Amino acid sequence: MNEKYWYLKKCPVFAQLSPEQIQDIERDCFCREFRRGEVVYLPSDMSDSVLLLARGRVRLYHVTGEGKQAILGFVEPGELFGELSVFGGSQREEHAEAMEKTMLVMLPGHVVQRLTVESPSVLMKLTQLFGLRLRRVRRRLKSLLFRSSRERLIHLLLELAERYGAPTQNGVTINQKISHQDMASIIGATRETVTITIGELQDLSLIHISEPTR
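These lines cover the structure that appears in this document, whether it is placed above or below. (Residues numbered from 1 in each chain as written. Predicted model: local features only at pLDDT ≥ 70, side-chain atom pairs only at ≥ 80, totals over all residues. Heavy atoms only, no water.)

### Thoughts on the sheet that holds strand E4 (residues 58-63)
Next, step 1: Strand order in this open sheet of four strands is E2-E7-E4-E5, and the pairing throughout is antiparallel. One side of each edge strand has no neighbouring strand; the edge strands of this open sheet are strand E2 (39-41) and strand E5 (69-75). Each neighbouring strand pair of the sheet contributes to a mean axis angle of 30 degrees, computed without reference to strand direction.
Next, step 2: Looking at chain direction, E4 and strand E7 (residues 95-98) are connected through four bridges and run antiparallel. Among the inter-strand pairings, valine 58 is bridged to a residue of E7, identified as alanine 98. (Pairing = 2+ DSSP bridges. Helix = DSSP H or I, 4+ residues; strand = E, 2+ residues; numbered from the N terminus. Axes fitted to C-alpha atoms, helices over the stretch in contact; angles between N-to-C directions.)

Structure below.
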């Protein structure tokens, strides 16, 4: 079968669909590759498709009035994004950029809309996905308003541990690369502040950073 079939099959949103239903989706979608740093879409682009990350990694962010990036989140393989097209969004509301060599499966919005009518499980999963991302944004907004930069960084590390962490004898290991600048863009701080705070947390033996193996 076409590789698109397997990417769709592994996506949790479509997990309960029959092989025939997935084959129907496959016929209407297509794959596209992006280079590292290449723009996937801009806020002014039409929101006419839902995107499934097959390989690679994508960063979602806004650009502030001062020209700074405010990162909304990261998309990992197997996840859908750009799902607002299903809920009537006419234009994209953020920037999406490939963080490494990336392949996307592009699903026309009308196809996913049809699925939400034909399959209650797809509608439920999409609603859960939308709600989860909304809660993350609200939680981050509260953090920006009421916590110091140190507290915001600690809560970000806890969030990363919850999402990407693997239990170990000494705690939790986050096996996901994220730069100090990206962390700063998420919590509304400077890269220097993040670097200093991480150093302080290391000195207190609260975190440990391992050098990547070659």
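There is more to say after this.
### A look at the side chain of glutamate 83
Next, step 1: Note on placement: glutamate 83 falls in the loop between strand E6 (80-81) and E7.
Next, step 2: Overall, glutamate 83 belongs to the buried group, its relative accessible area being 6%.
Next, step 3: Among the polar contacts made by the side chain of glutamate 83, one reaches the side chain of arginine 133 at a distance of 2.8 Å.
Next, step 4: Discounting residues that sit within four places of it in the chain, glutamate 83 has contacts with Val50, Leu126, Leu129, Phe130 and Arg133. (Buried < 20%, exposed > 50% of the residue type's maximum accessible area, 1.4 Å probe, protein only. Polar contact = N/O pair within 3.5 Å; in protein donor to acceptor, adjacent residues only side chain to side chain. Contact = heavy atoms within 4.5 Å.)

### Focus: the pairing of strand E8 (residues 102-108)
Next, step 1: By the criterion of burial, E8 is predominantly enclosed, with seven of the seven residues buried.
Next, step 2: Here five bridges tie strand E1 (residues 30-34) to E8, and the two strands are oriented antiparallel to one another. Of the residues in E8, the one forming a bridge with cysteine 31 is valine 105.
Next, step 3: In this structure, strand E3 (residues 49-55) lies alongside E8, joined through six bridges in antiparallel fashion. Along E8, the bridge assignment pairs leucine 52 with valine 105.

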